[in-house]
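# Analysis of the macromolecular model
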Amino acid sequence: NARVNPPARARGLLWHGCALWLEGKQRRAHATWVRCLSEAERFGLPYEAARVQYEIGYRLRAGDPSRRPHLLKAQEGFTLLKAEADARRATAALEIS
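Residues numbered from 1 in each chain as written. Predicted model: local features only at pLDDT ≥ 70, side-chain atom pairs only at ≥ 80, totals over all residues. Heavy atoms only, no water.

## A short note on the confidence of the model for the protein
- Per-residue confidence for the protein gives a mean pLDDT of 94, with 95% of residues at or over 70.
- For the protein, the element scoring lowest by mean pLDDT is helix H1 (residues 8-22), at 95; helix H4 (residues 67-81) scores highest, at 98. (pLDDT = per-residue confidence, 0-100. Helix = DSSP H or I, 4+ residues; strand = E, 2+ residues; numbered from the N terminus.)

## Focus on the packing of aromatic side chains
- Counted under the stated rule, the structure contains three aromatic pairs.
- Between tyrosine 54 and tyrosine 58, the aromatic rings sit 5.3 Å apart at their centres with planes inclined by 20°, giving stacked as the arrangement. Of the two residues, tyrosine 54 and tyrosine 58 are both situated in helix H3 (residues 46-59); the distance of four residues between them amounts to about one turn of the helix.
- What makes tyrosine 58 partly exposed here is its relative accessible area of 38%. (Phe/Tyr/Trp six-rings, centres within 6.5 Å; stacked < 30°, edge-to-face > 60°. Buried < 20%, exposed > 50% of the residue type's maximum accessible area, 1.4 Å probe, protein only.)

## Quick notes on the side chain of glutamine 53
- Take glutamine 53: it is sitting in helix H3.
- Those residues in contact with glutamine 53 that lie beyond four places of it in its chain are Leu37, His70, Leu71, Lys73 and Ala74. (Contact = heavy atoms within 4.5 Å.)

## Quick notes on helix H5 (residues 84-95)
- When the terminal C-alpha atoms of H5 are compared, their 17 Å separation across 12 residues agrees well with the 16 Å that a helix rising 1.5 Å per residue should span.
- If you check which residues of H5 are buried, you get Asp86, Ala87, Ala90, Ala93 and Leu94. With its buried residues spanning 120° around the axis, H5 presents them on a single face. Along H5, the residues that are exposed and aim more than 90 degrees away from the buried face are Glu84, Arg88 and Glu95.
- Among the structural elements, H3 and H4 are those in contact with the buried residues of H5. (Expected span 1.5 Å × (residues − 1). Arc of directions from axis to C-beta.)

## Concerning unusual backbone geometry
- Even without a glycine there, the phi angle at lysine 82 is positive, about 60°.
- Among the structural elements, lysine 82 can be located in the loop between H4 and H5.
- Residue classification places lysine 82 among the exposed positions, given a relative accessible area of 68%.

Structure follows, in C-alpha cells:
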C-alpha cells in the first residue's frame, strides 16, 4: 500500500500509466508517468525513474524531438543498474527513433 510505503507510489503510478495507455487514455497516462518520475526522483528510486523514462519515450512517435532524450535517460539508468534486458530494449527503441 502506497500510504504505508510512500516509495511504492512510484511503482504504482508507473503501472497505472501503462494501464491508462492501454485503455486509450494517452494524456492521462503521460500525466501519470510525469507524477511517477517526480516520485521516483523524490524517493531515490533509480529503476522506476529509468523505467518511466522508457515508457514516456517509447510511447512518443518516432519523429517527436522528446523521444530520444527520454530513451537515452532510460538507457543510461538501466546501464548503471546493470538491468541488461531493459537497457537492450531502450537501445532497440533508440534505433527506431
